[in-house]
Amino acid sequence: MGGKQEKQVILSCTHVRVYTTPFPAIGDSINCTTCRAERQVTGYGDQWRIRCQTAGCRTSRSYGSDEDEAMRGVHRHLLKNAAHVVNVLKNGSLYETVRDTGDSLPMRVTIVQEHQAQIKNLIDKYYPTKGL
Ligand SMILES: [Zn+2]
Ligand SMILES: [Zn+2]
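Just so it is clear, the model here is predicted, and its values are computed rather than measured.

Cut-offs used in this document
Residues numbered from 1 in each chain as written. Chains lettered and ligands numbered in written order. Predicted model: local features only at pLDDT ≥ 70, side-chain atom pairs only at ≥ 80, totals over all residues. Pairing = 2+ DSSP bridges. Helix = DSSP H or I, 4+ residues; strand = E, 2+ residues; numbered from the N terminus. Axes fitted to C-alpha atoms, helices over the stretch in contact; angles between N-to-C directions. Contact = placed C-beta atoms within 7 Å.

## Observations regarding the sheet that holds strand S8 (residues 93-99)
The strand order across the open sheet built from four strands is S6-S5-S7-S8, with neighbouring strands paired in antiparallel fashion. With partners counted over all chains shown, the strands left at the sheet margins are strand S6 (60-62) and S8, one partner each. The sheet shows a mean angle of 20 degrees between the axes of neighbouring strands, direction not considered. Two strands pair when backbone bridges link them, and strand S5 (residues 48-52) and S6 are joined in this way by three bridges, in the antiparallel orientation. Residue Ile-50 lies in a different strand from S6, and its bridge partner there is Arg-61. Packed onto the sheet, helix H1 (residues 67-80) meets S5, S6, strand S7 (85-90) and S8 and runs at close to 15 degrees relative to S5.

Structure (structure tokens):
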């Protein structure tokens, strides 16, 4: 899979912009097109996209940081096009390839584990126990 890396860049005003590499660093000032002002980069969010790899199908859709909606988009596409094979891209990299086998459990397990890691990272970031 080629494809550019992409990520959401979260700004100090809480607005979000999608960047392809090179990503700005945390603390960099970039122009927020919504505020029309320079804002600092405060973090990154995940950027979810689905892309059908079936020849002749051009389905490619971005879901922002909404992983659940991206997964619903995959399943909607497979409901209509049972023989298709859909790639799920996280930040521009292949995350999961989904086909309609009637057995989507392994995919869901992967995602639950990923979520747990993300939630732990968020807790560590916003509720640090050190120094309290
Ligand atoms: Zn802004
Ligand atoms: Zn398709």
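Further notes follow.
## Observations concerning the sheet that holds strand S3 (residues 29-32)
Strands sit in the order S2-S1-S4-S3 across an open sheet of four strands; the sheet is antiparallel. The sheet is open, and its two borders are formed by strand S2 (16-20) and S3, each paired with just one other strand. Strand-to-strand twist in this sheet, taken as the mean axis angle between neighbours without regard to direction, amounts to 55 degrees. Sheet analysis places S3 next to strand S4 (residues 37-45), joined by four bridges and oriented antiparallel. Note on S4: the bridge partner recorded for Asn-31 is Glu-38.

## As for the pairing of strand S1 (residues 6-11)
With five bridges joining them, S1 and S2 adopt antiparallel strand pairing. For Gln-8, the partnering residue across the bridge sits in S2 and is Val-18. Hairpin connection from S1 to S2: four residues lie between these consecutive antiparallel strands, with Thr-14 at a positive phi of about 75 degrees. In this sheet, S4 lies alongside S1 in antiparallel orientation, the contact comprising four bridges. Directly across from Gln-8, in S4, lies its bridge partner Gly-45.

Geometric values such as these leave the question of function open.
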